[in-house]
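Examining the three-dimensional arrangement
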Amino acid sequence: MAARTAGDFVPDTHDLDDLAEAALGCKGCDLYLNATQTVFGAGSSAADMMLVGEQPGDQEDKAGAPFVGPAGRLLDKALAAAGIDRDRLYVTNAVKHFKFTLPERGKRRIHKTPSRTEVVACRPWLFAEMMAVQPDVVVLLGATAAKSLMGNDFRLTTHRDEALHMPVADATPHLEIDPEVVVSAHPSAVLRGPPEAREMAFDALVSDLQFAAGLLGK
Ligand code: SF4
């Protein structure tokens, strides 16, 4: 029997509102069981740049919107430093439900990295968003997003400052677009890094965003 994925729940449409509504009922993997809600992407269908993160965090899970917590605030700062207006972007995550663990004591939910199975299960939503928006440039923020589109063996650190293209794979025969792809660190990795390295990591994120924006001007 084929593995359960979001593919069973993605409607045949390029309308972002219809996709977002359908995603609310997704049971393509088990992550919907404990999360508050699906956190679909946000932004204009006319966006020329798409940013893809890993998964919603605690605050995104509660708000139902991507990149509204601490990582989102850092991303906003990086976008401002790079001279990119967030209004021209479509922002989403590789996985649409918050995965977390609860420590034995305390109530604070701790982020847990989604498994490869969960990333692959959720990928039909990301493909549907890409087909709806048809971005010219996609920026993959962090290893989970990078592996979702570039393959499980992809090493993010060796491909920064490069304009890439998604591999043609069995998983993507229906994806009829070929945007330029740029990889960078996830803003939460910048926040979690040692204090003495944060400024450099932030500057590198800004530099990657500027590189991505520069591809649009070609
Ligand atoms: S994480 Fe993705 S595939 Fe899994 S239930 Fe949520 S929307 Fe569906």
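Details of the structure are given in the entry above.
Not measured: the values here are computed from a predicted model. (Residues numbered from 1 in each chain as written. Predicted model: local features only at pLDDT ≥ 70, side-chain atom pairs only at ≥ 80, totals over all residues. Heavy atoms only, no water.)

1. A look at the site of the ligand
- Around the ligand lies a shell formed by A6, C26, G28, C29, L31, Y32, V95, K96, H97, A121, C122 and W125.
- When the residues that make up the shell around the ligand are grouped by side-chain class, the tally is nine nonpolar, two polar and one charged. (Near = heavy atom within 4 Å. Nonpolar A, V, L, I, M, F, W, Y, C, P; charged D, E, K, R; others polar.)

2. So, the sheet that holds strand β6 (residues 137-141)
- Spatial strand order, β1-β3-β2-β6-β7: five strands in an open sheet with mixed pairing. In this open sheet, the two edge strands, each paired with only one partner strand, are β1 (42-43) and β7 (180-184).
- Bridge count between β1 and strand β3 (residues 89-93): two bridges; the pairing is antiparallel. Looking across to β3, one finds that G43 is bridged to Y90. (Pairing = 2+ DSSP bridges. Helix = DSSP H or I, 4+ residues; strand = E, 2+ residues; numbered from the N terminus.)

3. As for unusual backbone geometry
- Despite not being glycine, F67 has its phi angle at roughly 55°, a positive value.
- Mapping F67 onto the fold places it in the loop between α2 (58-63) and α3 (70-82).
- The backbone phi angle of Q134 is positive, close to 50°, even though this residue is not glycine.
- The topology assignment puts Q134 in the loop between α4 (116-133) and β6.
- According to the relative accessible area criterion, Q134 is partly exposed, its value standing at 42%. (Buried < 20%, exposed > 50% of the residue type's maximum accessible area, 1.4 Å probe, protein only.)

4. Some thoughts on the pattern of salt bridges
- Applying the stated criterion across every chain, the model contains nine salt bridges.
- The salt bridge involving D30 is made with R4; its shortest N-O contact spans 2.6 Å. Taken together, the residues D30 in the loop between α1 (16-23) and β1 and R4 in the segment before α1 connect sequence positions 26 residues apart.
- The salt bridge involving R160 is made with D208; its shortest N-O contact spans 2.7 Å. Linking R160 in the loop between α5 (143-150) and β7 with D208 in helix α7 (residues 195-216), this pair joins segments that are 48 residues apart in sequence.
- R160 sits in the partly exposed class, given a relative accessible area of 24%.
- Exposure remark for D208: the relative accessible area of 2% places this residue in the buried category.
- Salt bridges sharing common partners tie together D58, D61, K62 and R109. (Salt bridge = Lys/Arg side-chain N within 4 Å of Asp/Glu carboxyl O.)

5. Here we look at the packing of aromatic side chains
- In the structure shown here, the tally under the stated rule is two aromatic pairs.
- Residues F40 and W125 carry aromatic rings whose centres are separated by 5.9 Å and whose planes lie at 90° to one another, so their mutual orientation is edge-to-face. Placement of F40 in the loop between α1 and β1 and of W125 in helix α4 is noted, with a sequence separation of 85 residues between them. Comparing F40 with W125 shows no difference in burial state: the two are buried.
- One Lys or Arg, K77, reaches over the ring of F202 and ends 5.4 Å from the middle of that ring.
- Over the aromatic face of F40 sits the side chain of K96, whose NZ or CZ is 5.7 Å from the ring centroid. (Phe/Tyr/Trp six-rings, centres within 6.5 Å; stacked < 30°, edge-to-face > 60°. Lys NZ or Arg CZ within 6 Å of the ring centre and 35° of its normal.)

6. Observations concerning the packing of α1 against α4
- Interhelical geometry of α1 versus α4 gives an angle of 165° and a closest axis separation of 10 Å. Classified by the angle between their axes, α1 and α4 sit roughly antiparallel to one another. For the crossing formed where α1 meets α4, the hand is left-handed. Together, L16, L19, A22 and A23 of α1 and W125, A128, E129, A132 and V133 of α4 make up the contact between the two elements.
- Among the residues making up the contact of α1 with α4, the classes are represented as eight nonpolar, no polar and one charged. (Axes fitted to C-alpha atoms, helices over the stretch in contact; angles between N-to-C directions. Parallel < 35°, antiparallel > 145°, perpendicular 65-115°, else oblique. Left-handed = near helix turned anticlockwise from the far one by under 90°. Contact = heavy atoms within 4.5 Å.)

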